Amino acid sequence: MLSRRELAVKLEQVAGFDEPRLELEQYTTTPEIAASIIHEASLRDDLGRQVVDLGSGTGMLAIGAALDGARGVCAVEMDHQAIAIAVANARHLGVRIDWVIGDVRNLPLCVDQPVTVIMNPPFGAQLTHRGADRAFLRATASIAAVSYSIHNAGSRSFIEAFVDDHDGVVTHAFEVDLELPRQHDFHRVPKKQQQAEVYRIEWG
Ligand SMILES: C[S@@+](CC[C@H](N)C(=O)[O-])C[C@H]1O[C@@H](n2cnc3c(N)ncnc32)[C@H](O)[C@@H]1O
């Protein structure tokens, strides 16, 4: 197992999106946040299961899990360009991941044992993708024993109600500051900090 710092340093090498798509809320989780989540999962033995990254983008979380010794890692992403960058990132860092091009809302996976899901889903902020976070949680509930996910600040009551409806329990929650780079013309400042929350959930 790598230290959190060692993992973050390796993850600095993960390249981000070339042309991020606004409607898919494409931005990269910072290496520090990714390393914190994966390190936590490792300490709790949650990497001993197959790991699935939903909405894997350029691979930050999937690659982090593989670097930290996950039993096996599979990643689902609907954007071909993002997957192409992710494949190159994984090759560069010397890890093996099963990449699946598909839509999480209609999960193209069949798992034979409950998995650990690690994801930074779209918050569902874009008009065309309202409720995207709910669709990602629904997919997670269908395959996961445990999940780690990043959500908009203030999501706690929504998450707890959703998890309760699926006989699960939120076991841990902590706050993180996402760093959203300037990717679109209407963003006036180069980087924007956005408060977010990470949840560890055990699913029923
Ligand atoms: C906030 S980004 C996170 C990317 C990456 N997991 C990370 O942590 O750096 C959300 C990702 O979800 C993908 N995505 C959005 N909707 C999706 C869907 N319905 N099915 C699959 N992927 C989707 C986007 O293309 C984007 O790569």
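What you see is a predicted model, and the numbers here were worked out from it, not measured in a lab.

Enquirer: So what's going on with the site of the ligand? Residues and values would help.
Expert: By nearness alone, 21 residues border the ligand, and Thr29, Gly55, Glu77, Asp103 and Val104 come closest of all. At 2.8 Å from a nitrogen atom of the ligand is found a main-chain nitrogen or oxygen belonging to Gly55. Taking Val104, its main chain carries an N or O atom lying 2.9 Å from a nitrogen atom of the ligand. Protein contact buries 100% of the 590 Å² of open area that the ligand shows by itself. Put simply, the ligand lies in the largest cavity. Considering only residue class, the shell around the ligand consists of 9 nonpolar, 8 polar and 4 charged.

Enquirer: Can you break down helix H2 (residues 31–43) residue by residue, with the values?
Expert: Because each turn of an α-helix spans 3.6 residues, side chains separated by three or four positions in sequence point in the same direction. Over its 13 residues, H2 extends 18 Å from the first C-alpha to the last, a length consistent with the 18 Å expected when each residue adds 1.5 Å. Burial runs high along H2: 10 of the 13 residues are buried. Those residues of H2 lying buried are Pro31, Ile33, Ala34, Ala35, Ser36, Ile37, Ile38, His39, Ala41 and Ser42.

Enquirer: Got a sec to walk through the pairing of strand E2 (residues 72–77)? Specific residues and values, please.
Expert: Within a regular strand, side chains alternate between the sheet's two faces. Across the 6 residues that make up E2, a large majority, 6, are buried. Judged by which residues are buried, E2 turns out to be covered on both faces: Gly72, Cys74 and Val76 on one side and Val73, Ala75 and Glu77 on the other are all buried. Where strand E1 (residues 50–54) and E2 come together, 5 bridges link them in parallel fashion. In the sheet register, Val51 faces E2, and the bridge partner there is Val73.

Enquirer: For the packing of aromatic side chains, give the residues involved together with the corresponding values.
Expert: One pass over the structure, following the stated rule, counts 2 aromatic pairs. On the basis of an interplanar angle of 80 degrees and a centroid distance of 6.3 Å, the ring pair of Phe162 and Trp203 is categorised as edge-to-face. Of this pair, Phe162 sits in helix H6 (residues 156–165) while Trp203 sits in the segment after strand E7 (191–202), and the two are 41 residues apart along the sequence. Here the two residues Phe162 and Trp203 agree in accessibility, since each one is buried.

Enquirer: Give a detailed account of the packing of helix H1 (residues 4–11) against H2, specifying residues and quantitative values.
Expert: Direction vectors running N to C along H1 and H2 enclose 135 degrees, while the axes themselves pass 8 Å from each other. Between H1 and H2, the interaxial angle falls into the category oblique. Relative to H2, the crossing made by H1 is right-handed. Side by side, H1 and H2 meet where Arg4, Leu7, Ala8 and Leu11 of the first sit next to Pro31, Glu32, Ala34, Ala35, Ser36, Ile38 and His39 of the second. Its residues placed into classes, the contact of H1 with H2 shows 7 nonpolar, 2 polar and 2 charged.

Enquirer: Pulling in residues and values, what's your account of the nonpolar core?
Expert: If you look at the biggest cluster of nonpolar residues, it comprises 38 residues, and the most contacted ones within it are Leu11, Leu47, Ile63, Val73, Ile97, Ile118 and Leu178. When residues of this core are traced back to their parent elements, those giving at least two are H1, H2, helix H3 (60–67), E2, helix H4 (80–93), strand E5 (144–152), strand E6 (169–181) and E7. Here the element with the most residues in this core is H3; it accounts for 7 residues. The next biggest cluster of nonpolar side chains, apart from the first, holds 22 residues, and it includes Val115, Phe136, Ala139 and Ala144.

Enquirer: How would you explain the pattern of salt bridges if you had to name every residue and give the values?
Expert: Scanning all chains against the criterion turns up 9 salt bridges. Across the pair Asp79 and Arg21 runs a salt bridge, and its minimum N-O distance is 2.9 Å. Of this pair, Asp79 sits in the loop between E2 and H4 while Arg21 sits in the loop between H1 and H2, placing them 58 residues apart in sequence. Residue classification places Arg21 among the partly exposed residues on the basis of a relative accessible area of 33%. Between Asp98 and Arg96 there is a salt bridge, and its shortest N-O distance comes to 3.1 Å. Using a relative accessible area of 34% as the deciding quantity, one classes Asp98 as partly exposed.

Rules used in this analysis
- Residues numbered from 1 in each chain as written.
- Predicted model: local features only at pLDDT ≥ 70, side-chain atom pairs only at ≥ 80, totals over all residues.
- Heavy atoms only, no water.
- Near = heavy atom within 4 Å.
- Polar contact = N/O pair within 3.5 Å; in protein donor to acceptor, adjacent residues only side chain to side chain.
- Areas by Shrake-Rupley, 256 points an atom, 1.4 Å probe, with all protein chains shown as cover.
- 1 Å grid on protein atoms, 1.4 Å probe; cavity = no way out; pocket = protein on both sides within 12 Å on 5 of 7 lines; lining within 4 Å.
- Sits in = over half its atoms within 2 Å of the grid points.
- Nonpolar A, V, L, I, M, F, W, Y, C, P; charged D, E, K, R; others polar.
- Helix = DSSP H or I, 4+ residues; strand = E, 2+ residues; numbered from the N terminus.
- Expected span 1.5 Å × (residues − 1).
- Buried < 20%, exposed > 50% of the residue type's maximum accessible area, 1.4 Å probe, protein only.
- Pairing = 2+ DSSP bridges.
- Phe/Tyr/Trp six-rings, centres within 6.5 Å; stacked < 30°, edge-to-face > 60°.
- Axes fitted to C-alpha atoms, helices over the stretch in contact; angles between N-to-C directions.
- Parallel < 35°, antiparallel > 145°, perpendicular 65-115°, else oblique.
- Left-handed = near helix turned anticlockwise from the far one by under 90°.
- Contact = heavy atoms within 4.5 Å.
- Core = buried A, V, L, I, M, F, W, Y, C linked by side-chain atoms within 4.5 Å.
- Salt bridge = Lys/Arg side-chain N within 4 Å of Asp/Glu carboxyl O.

These figures come from the coordinates and say nothing about function on their own.
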